[in-house]
Amino acid sequence: MPDTQVTTPNGSIDAVLATPSTPGPWPGVVIVHDALGVTDDLRDTARRFADAGYLAIAPDMYSRGGRARCIRSVMRDLIAGNGRSVDDILAARDHLAGMTDDCTGQIGVAGFCMGGGFALLVSPRGFGASAPFYPSILPRYDTLVEGACPIVASFGSRDPLNIGNGKRLAKALDRRGIPNDVKVYKGVGHSFANQMPGQPIARIVGFGYDAQATADAYERVFAFFGEHLGGAES
């Protein structure tokens, strides 16, 4: 999977780019990483979207320095609702849109944990659909989703960071008439769609991978994106 560079208002950053094997052009998706950054799991996620027919790009928001310093900066941007990290995500979207031979111009966004929070945050900012997985963000959904694109969101009932947030998000979207598919998976926790180290310990504290919930969540996401972003044009 080739890496690429994305030009942002704050200089160039690294990004993962995954291309479908089917004839293009394809709809695009920006994948926003979790607090761990660009990992093998993130690359697998980009490939999963590409295999489903999406030109996938994952900007590395930690490109500019050490991880510890970058995590603090990125989290500040998430809480503030703007900043360099948001610029990075929007620049990745524009990068895909500029690949006119490869991208249809219909672009979604997906994110996990911290990245899921960003996927919600940028949902009113020029995307065709958003797929936040267990978003870590203050649940100020009434203001966050004002003017949002269609949203397909996935939560776990045992997620200690998102107690009741699935229902809150669904209500906020329904109140505004925003197309949505919000599902809370019974018996699974935070990060259920990410394969990270230390799974036995993670499950004890309400985290951990779940293959069945992951498969169902992606089936929903791809169906929802197919409806709102369209498919590849042969």
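All of the points below concern the structure found in this document. Being a predicted model, the structure only gives us computed values, none of them experimental.

### Regarding the overall build of the protein
Here is step 1 of the chain: Along its length, the protein carries eight helices and eight strands.
Here is step 2 of the chain: Scaling as 2.2 N^0.38, a compact globule of 234 residues should have a C-alpha radius of gyration of about 17 Å, and the protein matches this with 16 Å.
Here is step 3 of the chain: The principal-axis extent of the C-alpha atoms belonging to the protein is close to 45 × 40 × 35 Å.
Here is step 4 of the chain: Here the protein holds 234 residues, and the buried ones make up 53% of them.
Here is step 5 of the chain: Contacts spanning at least 24 positions in sequence make up 70% of the contacts within the protein whose residues lie at least 6 apart.
Here is step 6 of the chain: Accessible surface, the protein: about 9900 Å² in total, of which carbon and sulfur atoms supply 52%.
Here is step 7 of the chain: Computing the positive centroid from 22 side-chain charges and the negative centroid from 24, the protein places the two 9 Å apart.

### A closer look at the environment of Gln106
Here is step 1 of the chain: Inspection of the secondary structure puts Gln106 in strand 5 (residues 103-112).
Here is step 2 of the chain: On the basis of relative accessible area, Gln106 is assigned to the partly exposed category, the value being 39%.
Here is step 3 of the chain: Measuring from C-alpha to C-alpha, the distance between Gln106 and Arg93 comes to 9.8 Å, with 13 residues separating the pair along the chain.
Here is step 4 of the chain: Apart from residues lying up to four places away in sequence, Gln106 is in contact with Pro27, Gly28, His228 and Leu229.

### Describing the environment of Phe127
Here is step 1 of the chain: Mapped onto the elements, Phe127 comes out in the loop between helix 4 (114-121) and strand 6 (129-133).
Here is step 2 of the chain: Here Phe127 falls in the buried class, since its relative accessible area comes to 7%.
Here is step 3 of the chain: Between the C-alpha atom of Phe127 and that of Val109, which follows or precedes it by 18 residues, the distance is 6.8 Å.

### Digging into the pattern of salt bridges
A side chain with one charge may pair with a side chain of the opposite charge, provided their charged atoms come close.
Here is step 1 of the chain: A full pass over the atoms with the stated rule returns nine salt bridges.
Here is step 2 of the chain: Between Asp142 and Arg175 there is a salt bridge; the shortest N-O distance is 2.5 Å. Separated by 33 residues along the polypeptide, Asp142 in helix 5 (residues 141-144) and Arg175 in helix 6 (residues 165-175) bring together distant segments of the chain.
Here is step 3 of the chain: A salt bridge links Asp142 to Arg176; the shortest N-O distance between them is 3.6 Å. With Asp142 in helix 5 and Arg176 in the loop between helix 6 and strand 8 (180-185), the pair connects residues that are 34 residues apart, well separated along the chain.
Here is step 4 of the chain: Among the residues examined, Arg176 registers a relative accessible area of 30% and is labelled partly exposed.
Here is step 5 of the chain: When salt bridges that share partners are traced, they join Asp142, Glu146, Arg175 and Arg176 into one network.

### Points about the nonpolar core
As a rule of thumb, soluble globular proteins bury nonpolar side chains together.
Here is step 1 of the chain: One finds Val30, Leu96, Phe118, Phe127 and Val145 to be the most contacted residues of the largest nonpolar core, which totals 44 residues.
Here is step 2 of the chain: With six residues, the top contributor of residues to this core is helix 3 (residues 84-97).
Here is step 3 of the chain: Those residues within four positions of Val145 in sequence are excluded, and the remaining contacts are Ile151, Leu169, Ala172, Leu173, Arg176 and Ile178.
Here is step 4 of the chain: Formed by 30 residues, the second largest nonpolar core is a distinct cluster that contains Val29, Ile31, Ala46 and Tyr218.

### Here's the deal with the sheet that holds strand 1 (residues 3-8)
Here is step 1 of the chain: Sheet architecture is open: eight strands sit in the order 1-2-4-3-5-6-7-8, paired in mixed fashion. The open sheet has two edge strands, strand 1 and strand 8, and neither has a second partner. Sheet twist, expressed as the mean angle between neighbouring strand axes with direction ignored, is 25°.
Here is step 2 of the chain: Strand contacts of helix 3: strand 1, strand 2 (11-18), strand 3 (26-32), strand 4 (55-59) and strand 5, with the helix running at about 115° to strand 1, the strand carrying the most contacts.
Here is step 3 of the chain: Sheet strands touched by helix 4: strand 3, strand 5, strand 6 and strand 7 (151-156). Its angle to strand 5, the strand with the most contacts, is close to 135°.

Definitions and limits used
- Residues numbered from 1 in each chain as written.
- Predicted model: local features only at pLDDT ≥ 70, side-chain atom pairs only at ≥ 80, totals over all residues.
- Heavy atoms only, no water.
- Helix = DSSP H or I, 4+ residues; strand = E, 2+ residues; numbered from the N terminus.
- Rg over C-alpha atoms; globule rule 2.2 N^0.38 Å.
- Buried < 20%, exposed > 50% of the residue type's maximum accessible area, 1.4 Å probe, protein only.
- Contact = heavy atoms within 4.5 Å.
- Areas by Shrake-Rupley, 256 points an atom, 1.4 Å probe, with all protein chains shown as cover.
- Lys, Arg positive; Asp, Glu negative; His and termini not counted.
- Charge placed at Lys NZ, Arg CZ, Asp CG, Glu CD.
- Salt bridge = Lys/Arg side-chain N within 4 Å of Asp/Glu carboxyl O.
- Core = buried A, V, L, I, M, F, W, Y, C linked by side-chain atoms within 4.5 Å.
- Pairing = 2+ DSSP bridges.
- Axes fitted to C-alpha atoms, helices over the stretch in contact; angles between N-to-C directions.

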